[in-house]
Protein chains: 2
Amino acid sequence: MVDALLPEVDAGRHAARSSIGERFRVTAHAFADGHDEVAVALLYRRHGEESWQHAPMVLLGNDEWEASFAPDAIGRWEYTTVAWVDRYATWLVDLRKRVDAGWDVRGELQEGADLVSAAAAAAHGVDHDALRPAATWLRDESLDVPRRLGVAEDPAVLAAMRRARGRAEETWYARILPLWVDRARARFGSWYEMFPRSETPDPARSATFREAARRLPDIAAMGFDVLYLPPVHPIGTTARKGRNNTLEAGPHDVGSPWAIGSEEGGHTAVHPALGTIDDFDWFVREAGTHGLEVALDLAFQCSPDHPWVREHPQWFRHRPDGTIRYAENPPKRYQDIYPLNFHTADWEALWRELLHVTLFWVEHGVHVFRVDNPHTKPFRFWEWLIDRIHREHPDVIFLSEAFTRPKRMAALAKLGFAQSYSYFTWRNAKHEIVDYFTELTQPPLRDFLRPNLFVNTPDILHEYLQTGGRPAFLARLALAATLGPSWGMYSGYELLERTPVAPGSEEYLDSEKFQVRPRDWHAPDRITEQVTQWNHLRRAHAALQYNHDLWFLPIDNDQVVAYVKAAPGGAEGGEPGHLLTTVSLDPTSPQGGSVGLPLAALGLPSDAPFVVHELLSDRRYLWRGEWNWVALEPSQPAQIFAFERPQGAPEPEGILP
Amino acid sequence: MVDALLPEVDAGRHAARSSIGERFRVTAHAFADGHDEVAVALLYRRHGEESWQHAPMVLLGNDEWEASFAPDAIGRWEYTTVAWVDRYATWLVDLRKRVDAGWDVRGELQEGADLVSAAAAAAHGVDHDALRPAATWLRDESLDVPRRLGVAEDPAVLAAMRRARGRAEETWYARILPLWVDRARARFGSWYEMFPRSETPDPARSATFREAARRLPDIAAMGFDVLYLPPVHPIGTTARKGRNNTLEAGPHDVGSPWAIGSEEGGHTAVHPALGTIDDFDWFVREAGTHGLEVALDLAFQCSPDHPWVREHPQWFRHRPDGTIRYAENPPKRYQDIYPLNFHTADWEALWRELLHVTLFWVEHGVHVFRVDNPHTKPFRFWEWLIDRIHREHPDVIFLSEAFTRPKRMAALAKLGFAQSYSYFTWRNAKHEIVDYFTELTQPPLRDFLRPNLFVNTPDILHEYLQTGGRPAFLARLALAATLGPSWGMYSGYELLERTPVAPGSEEYLDSEKFQVRPRDWHAPDRITEQVTQWNHLRRAHAALQYNHDLWFLPIDNDQVVAYVKAAPGGAEGGEPGHLLTTVSLDPTSPQGGSVGLPLAALGLPSDAPFVVHELLSDRRYLWRGEWNWVALEPSQPAQIFAFERPQGAPEPEGILP
């Protein structure tokens with residue numbers, strides 16, 4: 001029997017996720033009745049291929065088997081497991097027992113010779129050449145038993161007999177499971193969010209793309225990979241919101257980029273104040289020359305001035321009096337936004353148009369999308385849209401901004417989103433961090449959901465940052481940079497912007513959503529250097545580029561979290577090796593504690609000192625034994641240690657306790 | 001979306017198990033996109049029925065839903081879950097928010113009236129009568145809003161709107177899952193194993209069934225439900241084993257009942273020394289009059305003298321020299337046993353014959369079988385055999401004697417065995433007991449595997465009993481009687497028989513497997529009275545009749561285990577209420593400790609004393625608060641407490657922390 005093949009998402013209804021540069025690890029239970037020895041193989045192939053590739057599965061014990069493979073192309077793959085009774089191995093195990101018991105094994109050797117003869121008859125080439133004489137020798141009563149046992153256990157004979165197994169005796173796992181393989185960026189990357197209009201030399205007007213591009217070198221220098229822009233389309237004027245989300249906009253108020261559409265166009269147009277579509281194309285290319293990939297916002301909603309309101313009024317919800325419904329969430333009203341009615345009778349035309357919008361931007365070089373509030377649109381729509389895009393463009397990455405209940409967030413990941421915003425911003429206490437990241441890095445969630453850890457967004461300025469100030473910003477930066485392979489930051493974080501619009505609010509004062517906001521990027525209190533340092537460490541160390549293999553370590557202080565990250569075996573993308581991170585969550589006082597290290601799993605000696613290398617300060621310490629002290633200051637609330645093993649000691653691989 | 005329907009065994013490949021007298025509890029995740037309210041129902045029916053029965057599922061929180069039903073017939077059932085968007089509830093929630101925000105809701109009331117009108121048009125009877133005027137009132141602008149809201153929330157209107165939902169909007173769970181419902185005995189029972197031949201007045205010969213029946217009143221008086229007999233068939237003489245498993249049998253040695261078959265017949269014959277098939281039938285009836293159900297051994301193997309060896313030599317394995325292979329497990333040889341070759345080319349005839357054997361005994365009144373070493377026969381065979389028996393006789397219970405690796409033991413339970421021998425005999429330390437019974441009483445194992453806790457068998461006399469003596473026998477009895485709803489004992493346990501055949505062996509000296517063994521049932525050191533007391537407590541308290549809801553409690557002593565058992569809500573079969581058991585594992589010294597009680601979950605006051613009733617001694621104690629002291633002596637190593645709640649306090653139901 002073969003069962004419990006993992007990962008398996010909803011019995012194969014949804015795909016597990018992997019990525020280029022990552023080994024996809026599979027486990028299964030396989031066993032036979034009676035005394036038969038079984039052999040097990042992982043089968044995998046790209047979707048549409050005829051033949052399977054095989055990886056032998058290795059017995060972990062307790063009838064649990066494991067194998068892995070490194071997918072070498074993006075797109076849809078599939079995998080399953082096959083087990084078979086290994087008649088030759090069964091015979092050999094039994095033979096060994098009889099020899100060890102001192103029994104006469106002449107009869108058994110004849111039976112083995114029959115097995116080998118039959119295999120030789122069907123084999124070709126080297127296998128035939130190995131098996132034919134082996135059968136003769138096994139049968140040869142003139143040879144002594146140890147000699148014939150040696151023939152039976154000859155590696156060439158074992159290998160040939162493994163290959164010679166008949167297909168008839170195979171038992172397949174009940175299902176062939178889907179796997180989606182993304183490009184590496186879907187797994188690992190540092191994201192920076194900016195409003196291009198704010199990079200203006202004249203605070204009275206929006207910047208252009210050409211002006212905004214001046215900031216690209218600085219963003220690239222901080223080590224970011226993805227530059228995410230809020231919507232760049234024309235903004236409606238009807239019911240436009242003023243600064244700080246007021247109901248009355250002044251004549252110079254620029255409005256929210258999420259109120260999409262005006263006389264000047266809708267979702268496929270560029271706001272004239274930013275430039276033309278050619279300027280946008282230029283900006284994307286220019287960002288590319290700095291190693292930055294532009295991500296765009298997909299916000300499927302309209303301002304009352306959007307061309308669709310005139311051309312396709314049936315795409316919106318109407319009140320009994322015939323007027324179009326604006327967005328409402330009592331007691332809040334959003335008169336500047338008309339939601340689309342995905343269930344309209346004309347839904348096919350609407351869905352096709354939204355596919356067209358997405359393809360339009362793909363063709364303009366955008367292969368990363370941050371999707372606004374996907375949970376308020378039908379699950380079916382996203383599954384369809386992402387599938388349609390992926391048919392031609394499997395490299396396109398969709399990030400889900402679904403700040404909703406856990407199972408709805410997970411459902412979107414299952415339906416095709418490569419990444420998800422997470423609850424990270426609201427997990428600030430030690431037990432919250434430990435619980436949440438344990439959940440994120442364990443099955444089933446890690447099999448299909450990749451969190452992107454944003455430290456802030458234009459809508460989320462957590463109270464911890466508001467009150468904690470610089471130490472809190474540094475601590476959250478360290479946590480985001482190390483707890484997940486994808487993290488993000490909305491501009492202004494590096495300047496410690498932290499004034500809420502009102503006490504108890506998570507909204508920013510003078511939010512960039514409603515106004516142009518030029519900044520002094522050289523303000524003295526900035527943490528640009530720390531951001532840069534973390535992003536460079538992330539690029540240099542494979543352990544920070546994968547979402548598996550996170551272990552929280554014991555430390556007797558509720559204000560300090562300590563954890564080890566490891567890269568999976570065979571990982572690419574930087575130095576191998578485990579990293580220990582320690583972060584103080586206390587923005588006001590020094591904190592310290594003894595961290596308990598799993599020495600054996602880390603490949604460290606229990607009876608000799610070893611060197612740890614703190615990478616932020618580039619200082620080395622001599623540690624000894626399981627428990628070692630760490631001390632953290634509000635000014636430097638995080639440390640990250642590499643372990644320097646004694647010369648010649650092997651690099652440990654994966655799987656800490 | 002509907003997913004994560006539980007229990008689900010291997011994506012529905014195998015059936016979950018329930019039994020008469022038990023509520024089958026199901027949970028699922030269900031949620032919609034957007035702001036829609038969902039409603040969820042559990043659907044269930046007997047296999048083959050056209051229409052589904054519905055049970056509304058209740059939201060537990062976090063999009064998790066629950067429902068249960070009590071199957072009222074044995075055999076195959078099926079179940080699944082359906083969810084739908086409740087348009088009316090969605091409208092009502094939205095309306096409430098708007099009313100609370102002080103908004104004008106006239107438009108919304110018209111929309112609600114439209115929903116109700118449409119439903120009224122399709123409804124009949126009371127629903128039509130409730131909905132038609134409701135639609136009119138909702139539309140009536142002359143009524144004030146609170147009045148119209150009252151109409152919208154009227155229970156009759158809510159109920160009618162719930163029933164009026166269209167089938168078109170339903171989302172079904174991906175699979176319809178199988179459920180096997182056994183009779184209650186498969187879940188709850190006390191088993192006694194005896195060798196009928198030992199009840200002889202003359203130690204030089206086997207007893208007959210008529211003589212053995214004299215012991216039935218005593219076994220019944222001890223409170224047992226099932227009387228399990230080792231094979232009752234003719235025993236081979238070729239290579240018969242002598243006393244204590246010696247190779248040479250003397251002329252008066254009776255041989256092992258598992259060496260089945262002689263000139264006098266095979267698997268459908270009765271050993272002449274025991275009597276005739278009519279005597280067997282009489283014995284079964286006689287046992288029945290004492291409330292004892294006879295279970296028989298199904299040992300599908302043969303002595304060299306079995307008629308099949310002559311009639312069907314192709315059903316056995318042969319050596320190259322043509323001789324039949326006896327059983328071997330180097331360095332052990334079992335020359336008195338020929339295993340059957342289930343993979344013989346003539347397998348169809350063999351399998352049919354084994355089905356015939358089983359049906360033969362079913363027709364002779366045996367509806368419980370203990371199956372000898374099922375893991376050494378093909379999984380497929382058992383699935384086929386049990387299914388074939390169950391088609392005509394769904395009440396037949398198969399107990400798997402598979403002392404093998406965990407996943408193989410579990411596989412047999414999935415394939416149809418209603419009960420499994422377990423590792424209980426080898427779990428004697430506190431952490432072993434806690435770990436093992438936590439696993440057995442949690443998903444996934446509890447969904448399909450029911451352990452039968454034997455304290456000993458003719459093959460297993462654990463060292464703990466050999467060295468621990470009477471206190472150990474009493475402790476293991478208490479554990480078996482309370483940790484699972486099915487337990488068993490092999491005769492001689494009540495006499496504290498504990499001499500091994502050799503130091504370090506788990507085999508008995510003078511094992512009944514190889515000789516007739518009359519006993520003095522009135523030996524002074526017997527624990528018959530304690531066995532009786534436990535069995536009577538098991539019949540009197542529903543908490544001891546179910547395998548769910550076991551919680552180990554903290555107690556600061558590694559020699560004492562403490563746990564609470566609860567009956568599920570609505571359970572039948574005795575007094576309701578939680579029971580606390582405490583057992584000392586130390587056979588030599590008194591042990592005590594403070595037990596931590598989950599007061600709230602037990603319905604006990606935290607601020608007032610309460611009475612606990614120790615049922616073995618019939619003594620009452622006044623306890624107070626979370627921590628209370630228990631003291632145990634080697635002479636009385638177990639206690640079991642019922643809680644006496646203050647008058648009028650409600651019985652707590654299920655689900656402790």
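Residues numbered from 1 in each chain as written. Chains lettered and ligands numbered in written order. Predicted model: local features only at pLDDT ≥ 70, side-chain atom pairs only at ≥ 80, totals over all residues. Heavy atoms only, no water.

1. A word on the environment of Ile-460 of chain A
Residues and elements named next belong to chain A.
Next up, step 1: With respect to the helices, strands and loops of the structure, Ile-460 is situated in the loop between strand S21 (451-454) and helix H15 (463-483).
Next up, step 2: Here Ile-460 falls in the buried class, since its relative accessible area comes to 5%.
Next up, step 3: For the pair Ile-460 and Thr-425, spaced 35 residues apart in the sequence, the C-alpha separation amounts to 7.7 Å.
Next up, step 4: When residues no more than four places from it in sequence are discounted, the contact partners of Ile-460 are Phe-403, Thr-425, Trp-426, Glu-506 and Tyr-508. (Helix = DSSP H or I, 4+ residues; strand = E, 2+ residues; numbered from the N terminus. Buried < 20%, exposed > 50% of the residue type's maximum accessible area, 1.4 Å probe, protein only. Contact = heavy atoms within 4.5 Å.)

2. Regarding the pattern of salt bridges
Next up, step 1: Under the counting rule described, the total for this entry stands at 88 salt bridges over all chains.
Next up, step 2: In this structure, Glu-497 of chain A engages Arg-517 of chain A in a salt bridge whose closest nitrogen and oxygen atoms are separated by 3.8 Å. One end of the pair, Glu-497 of chain A, is in the loop between strand S22 (486-490) and helix H16 (528-540); the other, Arg-517 of chain A, is in the loop between S22 and H16, with 20 residues separating them in the sequence.
Next up, step 3: Between Arg-187 of chain B and Glu-22 of chain B there is a salt bridge, with its nearest N and O atoms 3.8 Å apart. One end of the pair, Arg-187 of chain B, is in the loop between strand S10 (177-182) and strand S11 (189-193); the other, Glu-22 of chain B, is in the loop between strand S2 (16-19) and strand S3 (24-30), and 165 residues separate them in sequence. Taken individually, Arg-187 of chain B and Glu-22 of chain B each receive the classification buried, so the pair is uniform in this respect.
Next up, step 4: Where salt bridges share partners, they join Asp-94, Arg-98, Glu-108 and Glu-111 of chain A together with Arg-325 and Glu-328 of chain B into one cluster. (Salt bridge = Lys/Arg side-chain N within 4 Å of Asp/Glu carboxyl O.)

3. Some words on the relation of the copies chain A and chain B
One copy of the chain maps onto the second through a rotation around an axis plus a translation along that axis.
Next up, step 1: Of the two same-sequence chains, chain A is brought onto chain B (RMSD 0.1 Å, axial shift 0.0 Å) by a rotation of 180°. On the angle and the small slide along the axis, the relation comes out as a two-fold axis. Closest approach to the rotation axis within chain A is made by the C-alpha atom of Ala-11 of chain A, at a distance of 3.1 Å.
Next up, step 2: The fraction of interface residues of chain A whose copies in chain B are also interface residues reaches 96%, indicating that both copies meet through the same surface. (Least-squares fit on C-alpha atoms with pLDDT ≥ 70 in both.)

4. Notes on the sheet that holds strand S7 (residues 64-69) of chain B
Residue and element names in this part refer to chain B.
Next up, step 1: Taken in spatial order, the 4 strands make up an open sheet running S1-S3-S7-S6, and their pairing is antiparallel. Looking at the sheet topology across the chains shown, the edges are occupied by strand S1 (2-6) and strand S6 (58-61). Taken pair by pair, the neighbouring strands of this sheet meet at an average axis angle of 30°, ignoring direction.
Next up, step 2: As paired elements, S6 and S7 share 3 bridges and run antiparallel to each other. Each bridged residue has a counterpart across the sheet, and for Leu-59 the counterpart in S7 is Trp-65. (Pairing = 2+ DSSP bridges. Axes fitted to C-alpha atoms, helices over the stretch in contact; angles between N-to-C directions.)

5. Remarks on the pairing of strand S25 (residues 579-584) of chain A
Residue and element names in this part refer to chain A.
Next up, step 1: Burial analysis of S25 places 6 of its 6 residues in the buried class, which makes it a mostly covered element.
Next up, step 2: Both faces of S25 are covered, namely the face carrying Leu-579, Thr-581 and Val-583 and the face carrying Leu-580, Thr-582 and Ser-584.
Next up, step 3: Examined bridge by bridge, strand S24 (residues 560-565) and S25 share 6 bridges and lie antiparallel to one another. Note that in S25 the partner of Tyr-563 across the bridge is Thr-581.
Next up, step 4: Note that S25 and strand S30 (residues 638-644) share 5 bridges and pair antiparallel. Pairing of Thr-581 across the sheet is with Ile-640, part of S30.

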